[in-house]
Amino acid sequence: MASPSAELAALINAVETADSKAGIVQAVWALAAANDPRAIPTLIEVLGYNNPGAAVAATEGLVSLGEVAVPALLEQLDGHNYGARAWAIRALALIQDPRALNVLVETARGDFALSVRRAAAKGLGTLNWSKLPEAAVESAQTEALTTLIEAVADPEWVVRYAAVVGLAALAAALPPGGNADQIRPALETVVKHDSVPAVQARAQMALDSFAQK
Amino acid sequence: MVLESQQLVNAQGEALTVDQAISNLRQTADPSLRYYAAWWLGRFRVRDGAAIAALVEALKDETDRAPDGGYPLRRNAARALGKLGDRTVVPALMGCLSCPDYYVREAAIQALEMLGDDVCVPALRAMLAGGIEAATQVEGKPHLVQPYNAILEALGSLGARAAVEEVAPFLDHPVPQVQNAAARAMYQLTGDAAYCNRLVQVLQGPNLQLRRSAMMDLGAVGYLPAAGAIAATLAENSLKLIALQGVLEHHLQATDFPESSLSSEARQVMALMDDLL
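Conventions used here
- Residues numbered from 1 in each chain as written.
- Chains lettered and ligands numbered in written order.
- Predicted model: local features only at pLDDT ≥ 70, side-chain atom pairs only at ≥ 80, totals over all residues.
- Heavy atoms only, no water.
- Helix = DSSP H or I, 4+ residues; strand = E, 2+ residues; numbered from the N terminus.
- Rg over C-alpha atoms; globule rule 2.2 N^0.38 Å.
- Buried < 20%, exposed > 50% of the residue type's maximum accessible area, 1.4 Å probe, protein only.
- Contact = heavy atoms within 4.5 Å.
- Areas by Shrake-Rupley, 256 points an atom, 1.4 Å probe, with all protein chains shown as cover.
- Axes fitted to C-alpha atoms, helices over the stretch in contact; angles between N-to-C directions.
- Parallel < 35°, antiparallel > 145°, perpendicular 65-115°, else oblique.
- Nonpolar A, V, L, I, M, F, W, Y, C, P; charged D, E, K, R; others polar.
- Phe/Tyr/Trp six-rings, centres within 6.5 Å; stacked < 30°, edge-to-face > 60°.
- Lys NZ or Arg CZ within 6 Å of the ring centre and 35° of its normal.

Participant: What is the right way to read the overall build of chain B from this model?
Facilitator: Scanning chain B from terminus to terminus reveals 17 helices and zero strands. Against the compact-globule benchmark of 19 Å for 277 residues, chain B has a radius of gyration of 20 Å, which places it among compact chains. By its C-alpha atoms, chain B is 55 × 50 × 35 Å across when sized along the principal axes. Put simply, chain B has 277 residues, and 48% of those count as buried. Here the contacts in chain B between residues at least 6 apart in sequence split such that 59% fall between residues at least 24 apart. Accessible area for chain B stands at about 12700 Å²; split by element, carbon and sulfur atoms hold 52% of it.

Participant: How do you make sense of the side chain of R34(B) when you look at a structure like this?
Facilitator: Residue and element names in this part refer to chain B. You can see R34 is positioned in helix α3 (residues 31-43). Note on R34: relative accessible area 8%, which makes it buried. Those residues in contact with R34 that lie beyond four places of it in its chain are N24, L25, Q27, T28, D61, T63 and L73.

Participant: What's the story with the packing of helix α8 (residues 114-125) of chain A against helix α10 (residues 157-173) of chain A in this structure? I'm lost.
Facilitator: Each pair of packed helices can be summarised by the angle the axes make with each other and by the distance between the axes. Residue and element names in this part refer to chain A. The interhelical angle for the contact between α8 and α10, taken along N-to-C directions, is 10 degrees, at an axis separation of 6 Å. Classified by the angle between their axes, α8 and α10 sit roughly parallel to one another. Counting all contacts with α8, which are made through L114, R117, R118, A121, K122, L124 and G125, the residues of α10 involved are V158, V159, A162, A163, V165, G166, A169 and L170. Class assignment for the residues of the contact of α8 with α10 results in ten nonpolar, two polar and three charged.

Participant: What is the right way to read the packing of aromatic side chains from this model?
Facilitator: For any two aromatic rings, the description comes down to two numbers: the centre-to-centre distance and the angle of the planes. Residue and element names in this part refer to chain B. Summed over all chains, the structure comprises seven aromatic pairs over all chains. Relative to F44, the ring of W39 lies with its centre 6.4 Å away and its plane at 80 degrees, an arrangement referred to as edge-to-face. Taking the relative accessible area as the measure of exposure, F44 reaches 11% and is therefore buried. What links up through ring pairs into an aromatic cluster is the set Y36, W39, W40 and F44. The residue whose ring lies beneath R74 is Y71, and the NZ or CZ to ring-centre distance is 3.7 Å.

Any functional reading would require information that these geometric values do not contain.
Structure (structure tokens):
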């Protein structure tokens, strides 16, 4: 009977030695399913393989591991190729750990790939604020809010759509009054003036959900 | 939008003005400047009379030739004219339908589809002459004798109901992409959901290229019942979002949004989109 760590070593070895794209994908799903923090370095490595199927599996694995994967993801962000960075940011957005705030802000503001700005914008709205020290919450939320209000003017419709989704989620997390009061007018502007009906409709859906409260 | 002025900067960070672009297009010394100017005028929707005249002129260009004998500038000029929304160029684009360059014909058909003037329908139907027996591969080229996908899609978008009998046989063309294009057109021409359900079947198939093309077809015709299948198919989220945007916006238009409130179907499509961001 193999010990737990020998089993994990075999799963990691299978990822490293797979000899086809499909073989890698399968091995990564198996490694992700082990849900073992010791798999994190390998899963992050896979994000840079230029194999979208494998990256989806590795991202899923990292997201289900959750906050334990955050330090390694943040640490390795810059050491990787562009594709890997994009996947890592997606993972960070999905894990919802507020330690990723600065990275998400920077990405939503300035990344050249719209799919990454899109993921960051949605992620900014859904950070788990309760993980921050109470004294830090308000300024962090203000930064997320300011960034999202800028992102509803992004040139790409899908980033604006994601920013609306982020704002809607943030509105639900913020205490009434104060900052939260900026969200409704921002969404109303989108409904009135955005050139893309899908974005207008998403903003309307967010406003409708406020009305029901 | 506020960002309009930033978008006028090209990928290399160089700004062109409308006048520069038009004069770049008119000169003949540097073909790459002309090619880029034609794209730029379309990209930034320059609906200026002089720009349109220069693009129409470029449809007859003889100087910019590809190694295979093609006409790269003509292709770009046709694509740009499709984006400018000026129907006075329709006769000039129809003149391109007999160009020896397959890609010029394809670009012209797509431009005619975008301009939405059904005066080109008889000419497009004529390009289907001979049916699927005539629709064979050109030897040594990666394409069929005509750009059938573009022809079928244009006939569908233009609502050319008279063409149903010529379009239907292409459902059985040996090239799956052509079958997809025919199914999409048949749905637009007849409203029969069975044709879209063929495309939904493709979404469960093993071929990524075909899944992508079926998804974009379903988005383009706005087939609402396919929304769940689009969200679930194995393909890139970016493309799924574009296809679902098509489905959503088609439905929004049909339900008179924003004058009327959002339907529960619209909310469901947006919930699917939210999960793909």
